[in-house]
Amino acid sequence: MQRRSLLTAATGAVATAAVTATPAAALPRAGRPVTTFNVISDIQGDLGDLGTALRDIRATNPGSSGLAIAGDITPRGYDAEYAQVKAVFEQNPHSRTLAWAIGNHEFYVPKWRDPDTLAQATWPNGTTEDSLFRSFYRFAGRNTVFAEHAFGGIPVLSLGTERYMHYHDPQLWDEVWFSEAQFSWLEERLAHWTRRRKPIMVITHHPLPDTVSGSRNKLYQRDYLQAERLLGLLGRYRDVFVFCGHTHWDLRLSDWYVRRVVPGTANLEGFSVINTGAVQTGFADNGQGGEVTVPGTFNQGLHVEVHTDRVVVKARDFATGTWLKQITVPLSTPGTGG
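Values in this document were obtained by computation on a predicted structure and should not be read as measured data.

Parameters and conventions
Residues numbered from 1 in each chain as written. Predicted model: local features only at pLDDT ≥ 70, side-chain atom pairs only at ≥ 80, totals over all residues. Heavy atoms only, no water. Phe/Tyr/Trp six-rings, centres within 6.5 Å; stacked < 30°, edge-to-face > 60°. Helix = DSSP H or I, 4+ residues; strand = E, 2+ residues; numbered from the N terminus. Core = buried A, V, L, I, M, F, W, Y, C linked by side-chain atoms within 4.5 Å. Buried < 20%, exposed > 50% of the residue type's maximum accessible area, 1.4 Å probe, protein only. Contact = heavy atoms within 4.5 Å. Salt bridge = Lys/Arg side-chain N within 4 Å of Asp/Glu carboxyl O. Pairing = 2+ DSSP bridges. Axes fitted to C-alpha atoms, helices over the stretch in contact; angles between N-to-C directions. Parallel < 35°, antiparallel > 145°, perpendicular 65-115°, else oblique. Left-handed = near helix turned anticlockwise from the far one by under 90°. Nonpolar A, V, L, I, M, F, W, Y, C, P; charged D, E, K, R; others polar. Expected span 1.5 Å × (residues − 1).

Observations regarding the packing of aromatic side chains
1) Next: For the coordinates displayed, the defined rule picks out 14 aromatic pairs.
2) Next: Aromatic side chains Phe107 and Tyr164 sit 5.1 Å apart centroid to centroid with 10° between the ring planes, which places their arrangement in the stacked category. Of the two residues, Phe107 is situated in the loop between β4 (98–101) and β5 (112–114) and Tyr164 in the loop between β8 (154–158) and α4 (180–195); the sequence distance between them amounts to 57 residues.
3) Next: Plain terms: the ring middles of Phe178 and Tyr224 are 6.4 Å apart, the flat faces sit at 85° to each other, and that makes the pair edge-to-face. In this pair, Phe178 is assigned in the loop between β8 and α4 and Tyr224 in the loop between β9 (200–204) and α5 (227–234), connecting sequence segments 46 residues apart.

Have a look at this one:
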């Protein structure tokens, strides 16, 4: 089974402004944060590294107000695989509030005749699209793909595809499709929290086009079928922070964080987009439009501090227990983060 598919939908070109991160030891700032939380992604059956990540998060951020998981919770989407992830969480201390986003690997059951027999030629092997969503809903404890959580009073919006596109178009596979309901909900929640002068955290599995590491690689350029519409919503707001996974690309790369500027939104400063790394195998560009595996043990994620005047995002190597880098992003409405 291929780890991901080449995609074919078209998206518009939009300008991107990259920001160079600084070492984690730099940029000392006074003051306690309003809240702290963590972000991981792409577990994909790597339960040992998941346990390592959870223990490291507890050691480095014992007061974490939440954990966001940006998709690819399971390797294939079987109920037994969700149960294994749940068991690891039950065996390790973790934040009470968990924000789950759905990923493409949650839809891979149809490629298998049974858990031990890959049978892509007979896709979907009797598996219905609805059953895949029901498995995610049971695990996440909700009945929609999109959802809102609060991490210490800071809104966290989880987004995700509402169709597995190969059921609807034989030329498509892992592309992301949003319903009118999800778009309307997102538009309303962004406006709601902006009026209340709160920074808004957005969790989505696939990288937004032309943003962080890997998003310019041909493997990931066309993940969103409605990319221009999504960017048009997010691009209005300076204090939006989008966390995305899927690529597994190394957080040590310079474009792990960018500011995305969307023309026509009247927001010339753009919004923040952050790569989440991965719990499972890491990847980087191979120089030929594809990717290559990062050697050695790979287990990365993010630590986020929300202050009244800024948001600090730190990249963490859970395997070695070391900080990789950090970025400090001033808020456009200082004093209102709490």
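Notes on the nonpolar core
1) Next: In this structure, Ile40, Leu50, Leu67, Ile69, Ile73, Phe89 and Trp100 are the most contacted members of the largest nonpolar core, which totals 31 residues.
2) Next: For this core, the secondary-structure elements that each account for two or more residues are α1 (47–60), β3 (67–70), α2 (79–91), β4 and α3 (129–140).
3) Next: With five residues, α3 is the single largest residue contributor to this core.
4) Next: Here Leu67 is in contact with Asn38, Val39, Ile40, Leu54, Ile57, Phe89, Ser95, Thr97, Leu98, Ala99 and Phe151, once residues within four sequence places are set aside.
5) Next: Counting 28 residues, the second-largest nonpolar core is a separate cluster that includes Val176, Ile200, Val212 and Leu230.

Some points on the pattern of salt bridges
1) Next: In the structure shown here, the tally under the stated rule is 14 salt bridges.
2) Next: A salt bridge links Asp56 to Arg316, with the nearest nitrogen and oxygen atoms 2.9 Å apart. Residue Asp56 is located in helix α1, and its partner Arg316 is located in strand β16 (residues 310–317); the two are separated by 260 residues in the primary sequence. The same class applies to Asp56 and to Arg316, which are both buried.

With respect to the sheet that holds strand β2 (residues 35–40)
1) Next: If you trace the six strands from one edge of the open sheet to the other, you get β4-β3-β2-β15-β16-β17, paired in mixed fashion. Two strands lie at the open edges of the sheet, namely β4 and β17 (322–330), each paired on one side alone. Each strand of the sheet is rotated relative to its neighbour by a mean of 20°, with strand direction disregarded.
2) Next: Direction of pairing for β16 relative to β17: antiparallel, over a ladder of eight bridges. For Lys314, the partnering residue across the bridge sits in β17 and is Gln326.

Some points on the packing of α4 against α5
1) Next: Running from N to C, α4 and α5 point in directions that differ by 15°, and their axes come no closer than 10 Å. On the basis of their axis angle, the class for α4 and α5 is roughly parallel. Remark: the crossing between α4 and α5 carries right-handed chirality. Together, Glu180, Phe183, Leu186, Glu187 and Leu190 of α4 and Arg229, Leu230, Leu233 and Leu234 of α5 make up the contact between the two elements.
2) Next: Of the residues assigned to the contact of α4 with α5, the class counts are six nonpolar, no polar and three charged.

Quick notes on the packing of α2 against α3
1) Next: In contact at an axis separation of 10 Å, α2 and α3 are set at 20° when each is read in the N-to-C sense. Judged by the inter-axis angle, α2 sits roughly parallel to α3. Classified by chirality, the crossing of α3 by α2 is right-handed. On the side of α2, the interface is formed by Asp79, Tyr82, Val85 and Lys86, while α3 contributes Ser135, Phe136, Arg138 and Phe139.

Overview of α3
1) Next: Here α3 is 12 residues long and its end C-alpha atoms lie 17 Å apart, about the 16 Å a rise of 1.5 Å per residue gives.
2) Next: Of the positions making up α3, those classed as buried are Glu129, Ser131, Leu132, Phe133, Ser135, Phe136, Phe139 and Ala140.
3) Next: Of the surrounding elements, those touching the buried residues of α3 are α2 and β4.
4) Next: The positive-phi residue at the C-terminal boundary of α3 is Gly141, with phi of around 70°.

Considerations on the pairing of β2
Here is the key point about a regular strand: its side chains alternate between the two faces of the sheet.
1) Next: Of all six residues that make up β2, six are buried, and the element is covered over most of its length.
2) Next: Side chains Thr35, Phe37 and Val39 project from β2 onto one buried face, and the interleaved Thr36, Asn38 and Ile40 project onto a second face that is buried too.
3) Next: Across five bridges, β2 lies against strand β15 (residues 300–306) in antiparallel orientation. Looking across to β15, one finds that Val39 is bridged to Leu302.
4) Next: Bridge count between β2 and β3: three bridges; the pairing is parallel. Looking across to β3, one finds that Val39 is bridged to Ala68.

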